[in-house]
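Residues per chain are reported as follows:
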Amino acid sequence: MLSEKTKGLRGEITIPGDKSISHRAVMLGAISQGRTEIRNFLQGADCLSTIQCFRSLGIEIEKKTEAGKGCDEDIITIYGKGLEGLSAPSHPLDAGNSGTTTRLISGILSPQPFDTILTGDASIKSRPMKRIIEPLALMGARIQSMKDNGCAPLQIQGTPLQGIHYFSPIASAQVKSALLLAGLYAEGETSVTEPILSRNHSEIMLCTFGAEVKSEGTTATIQPRPHLEGQKILVPGDISSAAYFIAAALLVPGSDLIIRNVGINPTRDGILRVAQAMGGNIRLENKNDKGEPTADLHVSYSSLKGTIIQGELIPTLIDELPIIAIMAAAAQGTTEIRDAAELKVKESNRIDVMTKNLSAMGCRITATEDGMIIQGGSPLHGASIQTHKDHRIAMSFAIASLIAEGETLLDDKSCVDISYPGFYSDLEALMK
Ligand code: S3P
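Criteria and cut-off values
Residues numbered from 1 in each chain as written. Predicted model: local features only at pLDDT ≥ 70, side-chain atom pairs only at ≥ 80, totals over all residues. Heavy atoms only, no water. Pairing = 2+ DSSP bridges. Helix = DSSP H or I, 4+ residues; strand = E, 2+ residues; numbered from the N terminus. Axes fitted to C-alpha atoms, helices over the stretch in contact; angles between N-to-C directions. Contact = heavy atoms within 4.5 Å. Domains from an automatic or database assignment. Buried area = accessible area lost by both parts, 1.4 Å probe. Salt bridge = Lys/Arg side-chain N within 4 Å of Asp/Glu carboxyl O. Near = heavy atom within 4 Å. Polar contact = N/O pair within 3.5 Å; in protein donor to acceptor, adjacent residues only side chain to side chain. Areas by Shrake-Rupley, 256 points an atom, 1.4 Å probe, with all protein chains shown as cover. Nonpolar A, V, L, I, M, F, W, Y, C, P; charged D, E, K, R; others polar.

The strand order across the open sheet formed by four strands is E3-E4-E2-E13, and the pairing between neighbours is mixed. Since the sheet does not close on itself, it has two edges, and those belong to strand E3 (60-67) and strand E13 (232-234), each with one partner. On average, each strand axis in the sheet is inclined to that of its neighbour by 20°, with strand direction left out of account. Pairing analysis gives three bridges linking strand E2 (residues 33-39) to E13, with the strands arranged parallel. By the bridge assignment, Glu37 is partnered in E13 with Lys232. Set on the sheet, helix H1 (residues 19-30) makes contact with E2, E3, strand E4 (72-81) and E13; between it and E4 the angle comes to about 35°.

Here is the structure:
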């Protein structure tokens, strides 16, 4: 399928639910009193890992399918047991490939009256966990990397915590969220100040469930021991998944596409700002500003030019940088990505992997310490792509293959299931 060329992507698509928001809805539902119903929950492997972890912690979670408008709709129901309701698991918790599960759940597990071991796949066992181990330890947590290499598996001996004010050296929503979740259980308030504001879904959802969270600039502060009450959550479409379709519609001549109900939270919308700065024709329609804001995105083929991406923009598009690099390869002129060293510690080293794979397709690209310099405009040709089982690398090169001459082969297509199980069929359905 990847070698098949298209005359453009046309029509409309509703993409699956937001991964970050789906994780948080399960976690907060589990530690709230009563029933939480989640609609448009992302059924990707990462979010299913979060569900599995909370089932192992004694929480009943049900999936039922209801007939919706035009298609069946899955609803996740969580029977929450309140802040004190989790029970000791009988085996190590498995977070699979999910950094969000591993880091956020550590904040919930640290103050429990029981011990846990938290593990995951080979990628998780090589990703940095010191970033949560150190601040949680400052709160009094007893959390250790079992191999003493700063990575999972983690051993967490539950113990009471104290609130702290933590100045995080990195802009990371996973670090911030781990501390805010731990702060629910701590003695006194907990604050996190980041160098740049990262995605604020935890702050928003904690407030929805009844917690007291204040955000001022790049500082979030939570008060302990709230009464959290189960909620009805509607998860918006994931802008990180929409990004592949935005790029495809911008890059493939003849495209004109509507992407429905996409989350456009300003801490996540950097891809829209960058695509527009590159000359991309993207119109936001049917905006809805209640809770997590959403809009329909109307995207059409555009001739793109290079740009500079750096500073405060980076956390707002960190997961989109691989597909932005593909857009940059097709654009006229140079694109420079700076201040994005975090890319090295994602599901793969995305600076290295993007540079090698795009070079293999004929792009002039140089890796830097904290980003990439991409000289756009050289025609791309098909190549064998090493995905490193990274879902975002696989989806980025599936889109690159649409504009490359000749055949492109991915060494692993199935890793897209981490965040977008229906990706290839959704893409094919739009190719006219
Ligand atoms: C996420 C935060 C980001 C992002 C990840 C999901 C989250 O990671 O890259 O895919 O849901 O909090 P960092 O917090 O490490 O930047």
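This brings us to unusual backbone geometry. With an omega dihedral of 0°, the bond running from Ala152 to Pro153 counts as a cis peptide bond. Locating Pro153 in the fold gives a position in the loop between strand E7 (142-145) and strand E8 (154-157). Backbone geometry at Asp148 places phi at a positive 60°, although glycine is not the residue there. The phi torsion at Asn261 lies on the positive side, around 55°, for a residue other than glycine. With respect to the helices and strands, the residue Asn261 is situated in strand E14 (residues 256-263).

Right, let's get into the domain arrangement of the chain. Once the domains are mapped, the chain shows domain 1 (10-16 + 236-430) and domain 2 (19-234). Distance between the C-alpha centres of domain 1 and domain 2: 28 Å. The interface is formed by 23 residues belonging to domain 1 together with 24 residues belonging to domain 2. Between domain 1 and domain 2, a total of about 2100 Å² is buried, with carbon and sulfur atoms accounting for 52% of that surface. Looking at the side of domain 1 facing domain 2, the largest losses of area belong to Thr267, Glu347 and Ile418, adding up to 25% of the total buried there. For the pair domain 1 and domain 2, the interface holds three salt bridges. Ionic pairing is found between Glu342 and Arg131, a salt bridge with its closest N-O pair at 2.9 Å.

The ligand sits among Ser20, Arg24, Thr100, Ser172, Ala173, Gln174, Arg199, Ile318, Asp319 and Lys346. Between the ligand and the protein, one listed contact pairs an oxygen atom with a side-chain N or O atom of Ser20 at 2.7 Å. In this structure, an oxygen atom belonging to the ligand sits 2.6 Å away from a side-chain N or O atom of Arg24. In isolation the ligand offers 390 Å² of accessible surface; the protein chains occlude 94% of this area. When contributions to the shell around the ligand are tallied by element, the ones reaching two or more residues are H1 and helix H5 (173-183). Its residues assigned to classes, the shell around the ligand comprises two nonpolar, four polar and four charged. Residues from two domains meet in the shell around the ligand; each of domain 1 (10-16 + 236-430) and domain 2 (19-234) gives at least three.

Turning our attention to the pairing of E2. Sheet analysis places E2 next to E4, joined by seven bridges and oriented antiparallel. Bridging across to E4, Glu37 finds its partner in Thr77.

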